[in-house]
Amino acid sequence: VQLQASGGGLVQTGGSLRLSCKAPGMITSTFWSAEKAWYRQPPGNQRELVAQISGDSTNYLDSVKGRFTISRDNSKKTLNLQMNSLRPEDTAVYYCKLRIGERDYWGPGTLVTVSS
């Protein structure tokens, strides 16, 4: 299973970005049932969970609550992360992850840089 991530880039403080993660080779029903999440790894720090979605349930890192929104389009097999009111501390490489059974599939990572 290969995941394709896009949407990263350079943005000023207060700006917005939308990350997308596509799973073109995955069966739609498998994508639908997978646990889906976005992680990030800030420079010099460990990878952390940013947001996850399972069914209709979502969970967010405290520091992004109210600013980030995770969503999915099962028909397009796409996982999204809308990021608003970005801050310099949001600078990181962002990764999407799908969990299918006991196995995790990671996207390649996309760099988000927020300038002050």
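(A) Structural view of the overall build of the protein. Scanning the protein from N- to C-terminus turns up one helix and eleven strands. Helices (α) and strands (β) of the protein occur, in sequence order from the N terminus, as β-β-β-α-β-β-β-β-β-β-β-β. Here the C-alpha radius of gyration of the protein, 13 Å, is about what a compact globule of 116 residues would show, namely 13 Å. With respect to the principal axes defined by its C-alpha atoms, the protein has extents near 40 × 25 × 25 Å. Buried positions account for 40% of the 116 residues belonging to the protein. For the protein, restricting intrachain contacts to residue pairs at least 6 apart in sequence, the fraction spanning at least 24 positions comes to 53%. For the protein, the accessible surface area stands at approximately 6,300 Å², while carbon and sulfur atoms represent 45% of it.

(B) A look at the sheet that holds strand β3 (residues 17-22). Overall, antiparallel pairing links the four strands, which are arranged β1-β3-β8-β7 in an open sheet. Strand pairing shows two members of the sheet lacking a second neighbour, β1 (4-6) and β7 (68-73), which therefore form its edges. Shown here is a sheet whose adjacent strand axes are inclined to one another by a mean of 15°, direction ignored. With three bridges joining them, β1 and β3 adopt antiparallel strand pairing. Bridge pairing links Ser6 to Ser20 in β3.

The rules we used
- Residues numbered from 1 in each chain as written.
- Predicted model: local features only at pLDDT ≥ 70, side-chain atom pairs only at ≥ 80, totals over all residues.
- Heavy atoms only, no water.
- Helix = DSSP H or I, 4+ residues; strand = E, 2+ residues; numbered from the N terminus.
- Rg over C-alpha atoms; globule rule 2.2 N^0.38 Å.
- Buried < 20%, exposed > 50% of the residue type's maximum accessible area, 1.4 Å probe, protein only.
- Contact = heavy atoms within 4.5 Å.
- Areas by Shrake-Rupley, 256 points an atom, 1.4 Å probe, with all protein chains shown as cover.
- Pairing = 2+ DSSP bridges.
- Axes fitted to C-alpha atoms, helices over the stretch in contact; angles between N-to-C directions.

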